[in-house]
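Coordinates in review
Given next are the chains, with one letter for each unit.
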Number of protein chains: 2
Amino acid sequence: MDPDKKTVVVLGSGWASTSFIKKLDTRYYNLVVVSPRNYFLFTPLLPSSTVGTVNMKSIIEPIRFITRHKKRAVQVFEAECTAVDPASKTITIEDHTPEKDHHPVKSLSYDYLVIGVGARNSTFGVPGVDKYGCFLKEAKDARKIHNKLMDCIENAALPNQSPEEVNRLLHMVVVGGGATGIEYAAELHDFLVDDLRTWYPDLADKIKISLIEALPNVLPQFSKQLIEYTEKNFQKQHITIHTKTQVKEVHPKELVVKKADDSVSTMPYGLLVWATGNTTAALVQKLKEQFPEEQTAKKGLAVDDWLKMKGCEDIYAFGDATHTQYAPTGQVASQQGKYLAHQFKQMFIRDALEAQLKKAQDEKEKEKIQKKLNHIKEIKPFQYTHHGSLW
Amino acid sequence: MDPDKKTVVVLGSGWASTSFIKKLDTRYYNLVVVSPRNYFLFTPLLPSSTVGTVNMKSIIEPIRFITRHKKRAVQVFEAECTAVDPASKTITIEDHTPEKDHHPVKSLSYDYLVIGVGARNSTFGVPGVDKYGCFLKEAKDARKIHNKLMDCIENAALPNQSPEEVNRLLHMVVVGGGATGIEYAAELHDFLVDDLRTWYPDLADKIKISLIEALPNVLPQFSKQLIEYTEKNFQKQHITIHTKTQVKEVHPKELVVKKADDSVSTMPYGLLVWATGNTTAALVQKLKEQFPEEQTAKKGLAVDDWLKMKGCEDIYAFGDATHTQYAPTGQVASQQGKYLAHQFKQMFIRDALEAQLKKAQDEKEKEKIQKKLNHIKEIKPFQYTHHGSLW
């Protein structure tokens, strides 16, 4: 760490933060990375990793692999940031591993803080989701789904299982009709019905996949054409779509669901994958409450068009941690990371020119520096360029 | 399952059982596999998988992948056999997964039972080993070691860690100076000191590896030459060997050890790998107690030279579940599996000839069958052929 350089602390190691870490020029700044996960995860292939189509290690890149190729040494701390104090420009980091010592809470100073901590899985307060359901966000979620899937299938193959128990074990339920839920229901079908047929020939025809969505149709944010295509395809593959259906409770082996006609029933299940979108991460929620006047967005941090957090100096945010006009995708986050790294470079040059201007004595020189400064001051706001979708 | 054929139930999916499953001719027998693990694990590469040199999926082969290529359908049950009743020729199997129903205990009948359940890790009753130490036997052990290793290193890299805590976290202890322990200490060295140097340059020189052995020297079952080579190499690599040292207690962050001079001291550690060999598996212990007169071996099942369990009809055993003159290696177990499958084929032919003999009326035909029978009855005892060691 060079004491003459400003220190940028970046939180998180997802799409936005990793892109920022890759692009930030460490000749201009000290860089510190704080994330409870010491690797980047290529999330589009996470569903495939639950069924073994891709190997988990193939979709992981250690953050230290990226940082060790930077021009100057980067500090990486595997810890979670639990609080930000903008007044003293410090953050609190906590170690949650079993190896933590008696003082797991440490403090770090920053000149600039960049928040890319992502979002939390939303459960809408439905009891039992955290305990009995599986999310689809982190590597550990994929492992949990994989183990659960194999347990269900192997248990259904045990001798003397009752037909009801076999049906329960082989009933896979996906909750959430957004892109993630739809994609995952299809992935499950390909694996369970197609791939497993040769391995468990007696079970393949007993597998049932259901998709539950509270709204009147799936993929509400997509075109009518895509919705119809999906519905037709799912019908062909015997994936049952239950729209206008809400999950009210999750028990170890059954769900309580409420239909459009207000009727309440139970639904036995083997595997439950919960993909109903994101809600605000704990740290972000805390920070919002510190600036109630400026931070009025329902979810995520409000930022200006330059990704600076509203109401607060020297704090920037991007990706799923923020509330913007863009969809919460890796593509947006990645472009934001790249943009912010470029903006930081411009900020450094601007600060350097301003320092030069102060020192300059010759009028002509001053004018020259001022010209450069005028040019650099116009940092353009972030603009997203859509390069297409994966499906 | 063909009711006219005898049913062979094989327990386990390790070296012996898998080799038996591969070789048994299912034209002659119904085959049922019972194992709490639905895959074969290539154990020689397990140490490498803890440090990412090989991927876990590369050293696993699903049992169903093997069985689905057999001539007739094989039943595979992912469950643990918890009891054998030789009188009624039935076994009890139990499901231990979270998916188990209210009746997790089922019963299965056999004509022949083949026991290849392996052995349990021996802890010599040292308190805390199970809870805080890591074994090196199953896939889950390798994952546990990997997570523990990374937690230790990442924690040592956290800001403001005391030098004592850093030293503790980076002290890796292997208990057991047999082949497994020695190999693992070397693997740890290669990974931590060589590979990690570029990733954690500040930590590499602080890593300490210790090997603890209760006997006066390591590798007691090997040649003096190999022992000296190992000791010299370890000295060069700064792996400290503590011989004549016993671990008396294992606590979360320190061991209590007793040296040759009876002095007792504590040893702080980050990772503890426990590799002190095998002891009898629970099922085998139970079965031994059912035949106290014939089953007098200290560890494992006593079998005759044809791998038939002593004191009991129609039960065979092989691999680490047995007590034989051979070393507990995969090579021995694998040859035993192949041998037993061949013996079962001969048994089938013998039984068929005996049935023919009973039915035969012509004296000349009887003589011919008897001749064949005399030849087949001479089933040769198992003999091990050493094809060399991996190191």
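Residues numbered from 1 in each chain as written. Chains lettered and ligands numbered in written order. Predicted model: local features only at pLDDT ≥ 70, side-chain atom pairs only at ≥ 80, totals over all residues. Heavy atoms only, no water.

1. Re the sheet that holds strand 9 (residues 112–115) of chain A
Residues and elements named next belong to chain A. What counts, and what does not: Paired strands, in this sense, are two strands between which DSSP finds at least two bridges. Working definition: helices are DSSP H or I runs of at least four residues, strands are E runs of at least two. Numbering for both runs from the N terminus. Note on definitions: angles span 0 to 180 degrees between N-to-C directions of axes, and those axes are lines fitted to C-alpha atoms, for helices only across the stretch in contact. Note on contacts: a residue pair qualifies if any of its non-hydrogen atoms lie within 4.5 Å across the two residues.
Here we have five strands laid out as an open sheet, ordered 5-2-1-9-20, and parallel in their pairing. Each having just a single partner strand, strand 5 (75–78) and strand 20 (315–317) make up the two edges of the open sheet. Mean inter-strand twist for the sheet, computed between neighbouring axes without regard to direction, equals 20°. Of the pairings in the sheet, the one linking strand 9 to strand 20 comprises three bridges and is parallel in character. Bridge pairing in strand 20 links I115 to A317. Seen against the sheet, helix 10 (residues 330–359) touches strand 1 (6–11), strand 2 (29–35), strand 9 and strand 20 and runs at an angle of roughly 170° to strand 9.

2. Observations regarding the pairing of strand 11 (residues 171–175) of chain A
Residue and element names in this part refer to chain A. Rules: Exposure categories follow from relative accessible area, calculated using a 1.4 Å probe and restricted to protein chains: below 20% of the type maximum is buried, above 50% is exposed, and the middle band is partly exposed. Here the term right-handed applies to a crossover when the path leading from its first strand over the helix to its second strand runs clockwise, the strands being oriented away from the viewer.
The element strand 11 is extensively covered by neighbouring structure, given that five of its five residues are classed as buried. Residues H171, V173 and V175 of strand 11 are buried on one face, and the alternating residues M172 and V174, pointing to the opposite face, are buried as well. Pairing between strand 11 and strand 12 (residues 208–212): five bridges, direction parallel. Paired with V175 across the bridge in strand 12 is I212. At this point the chain moves from strand 11, through helix 7 (residues 179–194), to the parallel strand 12, and the crossover so formed is right-handed.

3. A few points about the packing of aromatic side chains
Rule in force here: Note on aromatic contacts: the rings of Phe and Tyr and the six-membered ring of Trp form a pair at centre separations within 6.5 Å, being stacked when their planes are under 30 degrees apart, edge-to-face when over 60 apart, and tilted otherwise.
Here the structure, examined in full by the defined rule, presents 30 aromatic pairs over all chains. Within the aromatic cluster, the residues linked to one another by ring pairs are A:F20, A:Y28, A:Y29, A:Y112, A:Y316, A:F318, A:F344 and A:F348.

4. Some words on the relation of the copies chain B and chain A
Convention followed: When the copies are overlaid, the least-squares fit takes in C-alpha atoms only where the residue has pLDDT of at least 70 in both copies.
For the match of chain B to chain A, the screw axis carries a shift of 0.0 Å, the RMSD comes to 0.1 Å, and the turn is 180°. Between the two chains, the operation in question is that of a two-fold axis. Residue B:N55, judged by its C-alpha, is the member of chain B lying nearest the rotation axis, at 4.4 Å. Interface overlap between copies: 100% of the residues of chain B at the interface are likewise at the interface in chain A, consistent with a symmetric, same-surface contact.

5. Things to note about the packing of helix 1 (residues 15–23) of chain A against helix 10 of chain A
All names here are of chain A. For clarity, the threshold we go by: In a left-handed crossing the near helix is turned counterclockwise from the far helix by less than a right angle, and in a right-handed crossing that turn is clockwise. Residue polarity is assigned by list, with Asp, Glu, Lys and Arg as charged and Ala, Val, Leu, Ile, Met, Phe, Trp, Tyr, Cys and Pro as nonpolar; anything else, Gly included, falls into the polar class.
Running from amino to carboxyl end, helix 1 crosses helix 10 at an angle of 35°, the nearest separation of the two axes being 7 Å. Judged by the twist between their axes, the crossing of helix 1 over helix 10 is right-handed. Taken together, the residues of helix 10 that come into contact with helix 1 (itself represented by W15, A16, S19, F20 and K23) are G330, A333, S334, G337, K338, L340, A341 and F344. In terms of residue class, the contact of helix 1 with helix 10 is made up of seven nonpolar, four polar and two charged.

6. Brief notes about the side chain of A:T7
All names here are of chain A. For clarity, the threshold we go by: Between N or O atoms, a polar contact is any pair within 3.5 Å; within protein, one atom must be a potential hydrogen donor and the other a potential acceptor, and residues adjacent in sequence are included only when both atoms are from side chains.
Among the secondary structure elements, T7 is positioned in strand 1. Within the structure, the side chain of T7 is placed 3.3 Å from the side chain of N30, a separation counted as a polar contact. The contacts of T7, once residues within four sequence positions are left out, are N30, V32, S109, Y110, D111 and Y112.

7. Looking at the packing of helix 5 (residues 139–156) of chain A against helix 7 of chain A
All names here are of chain A. We count it as follows: Note on angle classes: values under 35 degrees are labelled roughly parallel, values over 145 roughly antiparallel, values of 65 to 115 roughly perpendicular, and the remainder oblique.
Direction vectors running N to C along helix 5 and helix 7 enclose 45°, while the axes themselves pass 13 Å from each other. Here helix 7 runs oblique to helix 5, going by the angle between their axes. Along this stretch, helix 5 crosses helix 7, giving a crossing that reads as right-handed. Contacts from I145, L149 and I153 of helix 5 reach helix 7 at Y184, L188, F191 and L192. Each residue belonging to the contact of helix 5 with helix 7 can be placed in one class, and the counts come to seven nonpolar, no polar and no charged.

8. Things to note about empty space enclosed by the protein
All names here are of chain B. Spelled out, the test is: Cavity: a set of points on a 1 Å grid over the protein atoms alone where a 1.4 Å probe fits but cannot get out. Pocket: an open set with protein on both sides within 12 Å along at least five of seven lines, its lining residues, like those of a cavity, having an atom within 4 Å of a point. Grid points are joined across faces, edges and corners, and a volume is the space filled by probe spheres set on the points.
Throughout the structure, instances matching the rule amount to one cavity of 30 Å³ or more. Put simply, the largest cavity is a space of about 30 Å³. The wall of the largest cavity is formed by V33, S35, R37, N38, I63, V76, F77 and E78. Of all elements in the fold, only strand 2 (29–35) and strand 5 (75–78) reach the threshold of two or more residues within the lining of the largest cavity. Within the lining of the largest cavity, the residues separate by chemical class into four nonpolar, two polar and two charged.

9. Let's talk about the confidence of the model for chain A
Convention followed: Each residue gets a pLDDT score, which is the predictor's confidence in that residue and runs from 0 to 100.
Residue-level pLDDT values for chain A average 94, and 99% of them are 70 or greater. Among the prediction metrics, the complex's ipTM stands at 0.89, with pTM recorded as 0.92.

10. Here we look at the interface of chain B and chain A
Going by this rule: Buried area is a sum: the accessible area each of two parts loses on coming together, probed at 1.4 Å, counted once for each and added. Only one rule defines a salt bridge in this text: a Lys or Arg side-chain nitrogen within 4 Å of an Asp or Glu carboxyl oxygen.
If you look at the interface, chain B gives 40 residues, while chain A gives 40 residues. For the chain B face of the interface with chain A, the top three residues by lost area are B:R64, B:E99 and B:W199, together amounting to 21%. Here chain B is connected to chain A by two salt bridges. A:R64 serves as the salt-bridge partner of B:E154, at 2.6 Å between the closest nitrogen and oxygen. In this structure, the connection of chain B to chain A is made through eleven residue pairs in polar contact (both at pLDDT 80 or more). Mapped by element, the contributors of at least two residues to the side of chain B that touches chain A are helix 3 (63–67), strand 5, strand 8 (105–109), helix 5 (139–156) and helix 6 (163–169) of chain B. The leading source of residues in the side of chain B that touches chain A is helix 5 of chain B, at six residues. For the side of chain B that touches chain A, a count of residues per class yields 15 nonpolar, ten polar and 15 charged.

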